[in-house]
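# Architecture and fold: a report
The lines below spell out each chain.
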Amino acid sequence: MMIDPPIDKLIKKAPCRYALVVGITKRAKDLLDMDSEELKNSGLKAVSYAAKEIYDGKIKIIVGDNK
């Protein structure tokens, strides 16, 4: 079974694994909340689509102080 995007390359898109998980989770939630047509047309689940967006560079993970 091949995982797309590959996790070893996806992890390089974030400063740490925790930030990657949080970033993917937040983006997936946003996609579901806005009832995205792109998500529906892709045939992917929200988490897979969010991971692909981060891997493709469409979404950047920024770590900062969110007060």
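Anything mentioned here points back to the structure above.
A short tour of the structure in this document, coming up. In this numbering scheme, every chain counts its residues from 1 along its sequence in written order. For a predicted model such as this one, the threshold for reporting local features is a pLDDT of at least 70, and the threshold for listing and counting side-chain atom pairs is 80 or more; totals across whole chains, interfaces and linings nevertheless cover every residue. Values shown for side chains rest on all heavy atoms present in the structure; no hydrogens or waters enter the calculation.

Here alanine 28 is to be found in helix H2 (residues 17-33). Between the alpha carbons of alanine 28 and alanine 46 there is a distance of 4.9 Å; along the sequence they are 18 residues apart. Under the scheme used here, helices are H or I runs from DSSP no shorter than 4 residues and strands are E runs no shorter than 2 residues, and both carry numbers assigned from the N terminus.

Turning to the pattern of salt bridges, a few remarks are in order. Any carboxyl oxygen of Asp or Glu that lies within 4 Å of a side-chain nitrogen of Lys or Arg is treated as forming a salt bridge with it. Applying the stated criterion across every chain yields a total of 5 salt bridges. For glutamate 53, the salt bridge identified is with arginine 27, shortest N-O distance 2.6 Å. One end of the pair, glutamate 53, is in helix H4 (residues 46-56); the other, arginine 27, is in helix H2, with 26 residues separating them in the sequence. Only protein chains enter the accessibility calculation, which uses a 1.4 Å probe. A residue is then buried if its area is under 20% of the maximum for its type, exposed if over 50%, and partly exposed in between. According to the relative accessible area criterion, glutamate 53 is buried, its value standing at 6%. Note that glutamate 37 and lysine 40 form a salt bridge whose closest N and O atoms lie 3.9 Å from each other. Separated by 3 residues within a single helix, glutamate 37 and lysine 40 lie in helix H3 (residues 37-42), roughly one turn from each other.

A few words on the environment of leucine 31. Here leucine 31 lies in helix H2. Residues leucine 31 and alanine 46, spaced 15 residues apart in sequence, show a C-alpha to C-alpha distance of 6.6 Å. The contact rule is simple, with two residues in contact once any of their heavy atoms fall within 4.5 Å. Beyond its immediate stretch of four places on either side in the chain, leucine 31 contacts Ser36, Leu39, Ala46, Tyr49, Ala50 and Glu53.

In this section: H4. Taken together, the buried positions of H4 are occupied by Ala46, Tyr49, Ala50, Ala51, Glu53 and Ile54. Of the surrounding secondary structure, the elements contacted by the buried residues of H4 are helix H1 (7-10), H2 and H3. Of the residues flanking the end of H4, it is glycine 57, one or two places downstream, whose phi is positive at about 85°.

It is worth spelling out the layout of surface pockets at this point. Approximately 280 Å³ is the volume attributed to the largest pocket. Computed over the protein atoms alone on a 1 Å grid, cavities are sets of points where a 1.4 Å probe fits but cannot get out and pockets are open sets with protein on both sides within 12 Å along at least five of seven lines; a residue lines them when it has an atom within 4 Å of a point. In terms of lining, the largest pocket is formed by 15 residues, of which the most central are Val22, Gly23, Lys26, Ile61 and Ile62. Residues are grouped as follows: nonpolar covers Ala, Val, Leu, Ile, Met, Phe, Trp, Tyr, Cys and Pro; charged covers Asp, Glu, Lys and Arg; every other residue, Gly included, is treated as polar. Grouping the constituent residues of the lining of the largest pocket by class yields 8 nonpolar, 3 polar and 4 charged. Grid points are joined across faces, edges and corners, and a volume is the space filled by probe spheres set on the points.

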